[in-house]
Amino acid sequence: MSDTIFTKIINREIPAEILYEDDEILAFSDVSPQAPVHFLVIPKLPIETINDIQPNQAELIGKMVLTAQKLVKEQGVAEGGYRLVMNCNEDGGQTVFHIHMHVLGGRALSWPPG
Ligand code: DGP
């Protein structure tokens, strides 16, 4: 798999507003925010799509959710509510082929999506 823009963010080759980092996970603000709070949680491991997640990566995916949970508290939107979104492939609207969880909050979000 060729590097995506997210590998460049992990490697600090391009700047991003980093909110959290450990050995396996990175979280940073989305460059094109769709809500007052909009950040991305990614694994450092470059898994292309949700379709490519393996059973032995279940803990890693769980850590993405727990990272989102920690950060929404810090950002003050945990109680008001928020949304976690993972887009997959063309119909899902995926544009960066390194899995990522969008975390959106800070306003009422419409449902269903368009
Ligand atoms: P998706 O459409 O689900 O693949 O979302 C990709 C998101 O990545 C999109 O909301 C914009 C964000 N994004 C793309 N390029 C960059 C970048 O260079 N920096 C940051 N911070 N976010 C980016």
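Residues numbered from 1 in each chain as written. Predicted model: local features only at pLDDT ≥ 70, side-chain atom pairs only at ≥ 80, totals over all residues. Heavy atoms only, no water.

### Overview of the nonpolar core
So the rule is basically this: What makes a nonpolar core is a set of buried Ala, Val, Leu, Ile, Met, Phe, Trp, Tyr and Cys residues whose side-chain atoms join them at distances within 4.5 Å. Partly exposed describes any residue whose relative accessible area lies between the buried limit of under 20% and the exposed limit of over 50%, with all areas from a 1.4 Å probe on protein chains only and scaled to the type maximum. Here a strand is any run of E in DSSP of at least two residues, a helix any run of H or I of at least four, and the numbering for each starts at the N terminus. The contact criterion used is simple: two residues touch if any of their non-hydrogen atoms lie within 4.5 Å.
Membership of the largest hydrophobic core comes to 16 residues, with the highest contact counts inside it found for Phe 39, Val 41, Met 64, Met 101 and Val 103. Listed by contribution, the elements that provide at least two residues to this core are β2 (25–29), β3 (37–43), α2 (58–74) and β5 (101–105). Per-element tally for this core: the top contributor is α2, with six residues. Not counting residues up to four positions away in its chain, the partners in contact with Met 101 are Phe 39, Leu 40, Val 41, Met 64, Val 65, Ala 68, Leu 84, Val 85 and Met 86. Judged by nonpolar contacts, the second largest core, of eight residues, contains Phe 6, Ile 9, Leu 26 and Phe 28.

### A word on the side chain of His 98
Test applied: Here a polar contact is taken to be a pair of N or O atoms separated by no more than 3.5 Å, where protein atoms must pair a possible hydrogen donor with a possible acceptor and residues adjacent in sequence count only if both atoms sit in side chains.
With respect to the helices and strands, the residue His 98 is situated in the loop between α3 (89–92) and β5. Separated by 2.7 Å, the side chain of His 98 and the backbone oxygen of Pro 43 make a polar contact.

### Quick word on the site of the ligand
Heads up, the rule is: Note on definitions. A residue lies near a molecule or strand when any single heavy atom of the residue is within 4 Å of it. For the accessible areas, the method is Shrake-Rupley and the probe is 1.4 Å, while residue cover comes only from the protein chains on display.
By nearness alone, 16 residues border the ligand, and Asp 30, Asn 87, Thr 95, His 100 and His 102 come closest of all. Here an oxygen atom of the ligand sits 2.5 Å away from a polar atom, N or O, in the side chain of Asp 30. In the model, an oxygen atom of the ligand is placed 2.7 Å from a nitrogen or oxygen of the Thr 95 main chain. Across the complex, the protein chains shield 82% of the 510 Å² of accessible surface that the ligand would expose by itself. Of all the elements in the fold, those that place two or more residues in the shell around the ligand are α1 (5–10) and β2.

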